[in-house]
Amino acid sequence: MKLLMYLTDFIVPVVVLGIVAYGAMEQVKVYDEFIRGAKKGFYTVIRIMPTLIGLMVAVGILRASGFLDLLSGLLGKVTDYIGFPSQLVPLSIVKMFSSSAATGLLLDVFKEYGTDSRIGLIASIMMSCTETIFYTMSVYFMAAKVKKTRYTLTGALLATLAGIMASVFIAGRM
Amino acid sequence: MLNYLWAGMIVVGIIFGAFQGKMPDITDAALESSKEAVTLCLTMMGVMSFWTGLMEIATKAGIIEWLSSVMRPAIRFMFPRIPRGHKANEHITTNIIANILGLGWAATPAGLQAMEALGELEEERGHKRDVASDEMCTFLILNISSLQLIPINVIAYRSQYGSVDPARIVGAGLLATTISTLVAIIYCKFKNRRGSR
């Protein structure tokens, strides 16, 4: 596992080195091309900035109102019957909206129940096999100026549900 | 849909907050969140520019072409209707490679460019621009199903909070990710086969 962590430390620097060194070897004007490409990234962020402001304000309001907590509490009563720990309901809901908010909740779960408890394990696996549905959808679809998203949400929810079910199942066998 | 979702979040939040006596918190949250969004964009601007700059070098040097050729069979399987040589292929490949490596910050710019390219493809096909194409739905569902090989951030948090074996969940996470991605692939294949629109 040390090796894996070691490898992870190396990924970014090695990718940077590989690209720049290989580019220079291939006679690419690396600095000129870098500047040209950097401009594209700059404008991409400017384009998504209004989207991000709109979305983060809406999520912020929903969180401050206490509505997310109420929703989790209500759904928790249902999930207890199917064997899903209600303590993880807020995490699974918030993860659909915001990755950073979910990280905050994950750390809270670790503090409350321990990293290696059943709840801690399910939370760890869940966080590594799901993505922020609504955030990803709104940012990506707004970039493409799409309003009708068709079956994306159904598919995304289905994949997320499969991931969560797998997490509970696998954690029970560890 | 996004219009309803967004309006719904704000309307529900404010009305619910009013009954809970949370009005000052809501004002704070609205102001703080908008500020947070701008700060986040400033950080992202640096990282994204750095990444798209590097990608420009990689493209010119033919590295992306090489990686794409490795990934091509898989991409063709999931997106059979994107014409060969269309730039959407390249952006989708970059995004998927970055996602697998867990470089989330690198995946987003490529993903946005992929969506723009797919939008242009829809216009070339003579379809309406504001309706998602099969490719867009598939691409997003795949992205949301999570493709990450090693959840390095979760491992880091676990070790920080005193886990005996922080990396214990790597295999389990990989298995769960494989399951969610398989479900995504099967669902998209099923939807695309019905030749909707």
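Rules behind the numbers
- Residues numbered from 1 in each chain as written.
- Chains lettered and ligands numbered in written order.
- Predicted model: local features only at pLDDT ≥ 70, side-chain atom pairs only at ≥ 80, totals over all residues.
- Heavy atoms only, no water.
- Contact = heavy atoms within 4.5 Å.
- Buried area = accessible area lost by both parts, 1.4 Å probe.
- Salt bridge = Lys/Arg side-chain N within 4 Å of Asp/Glu carboxyl O.
- Polar contact = N/O pair within 3.5 Å; in protein donor to acceptor, adjacent residues only side chain to side chain.
- Helix = DSSP H or I, 4+ residues; strand = E, 2+ residues; numbered from the N terminus.
- Nonpolar A, V, L, I, M, F, W, Y, C, P; charged D, E, K, R; others polar.
- Domains from an automatic or database assignment.
- Disulfide = S-S within 2.5 Å.

Undergrad: How do you make sense of the interface of chain B and chain A when you look at a structure like this?
TA: Interfaces are often sized by the accessible area lost when the parts come together. On the chain A side, the residues contacting the 98 residues of chain B number 95 residues. Between chain B and chain A, the buried area comes to about 8500 Å², and carbon and sulfur atoms account for 77% of it. Our count for the contact surface shared by chain B and chain A stands at four salt bridges. Here B:Asp134 and A:Arg150 are joined by a salt bridge, their closest N and O atoms 3.2 Å apart. On inspection of chain B and its partner chain A, the count reaches 22 residue pairs in polar contact (both at pLDDT 80 or more). When residues in the side of chain B that touches chain A are grouped by element, the largest group, 26 residues, is from helix α2 (residues 23-61) of chain B. Grouping the constituent residues of the side of chain B that touches chain A by class yields 59 nonpolar, 25 polar and 14 charged.

Undergrad: Can you help me understand the domain arrangement of chain A in this one?
TA: The assigned domain composition of chain A is domain 1 (1-47) and domain 2 (66-171). Placing the centre of domain 1 of chain A and that of domain 2 of chain A at their C-alpha centroids yields a distance of 32 Å.

Undergrad: It is not clear to me how the state of the cysteines should be interpreted in this structure. Could you clarify?
TA: Among covalent bonds in proteins, the disulfide is the one between the sulfur atoms of two cysteines. Applying the stated criterion to the full structure yields zero disulfides over all chains. Residue B:Cys137 stays outside any disulfide, its sulfur separated by 7.9 Å from that of B:Cys188, the closest cysteine.

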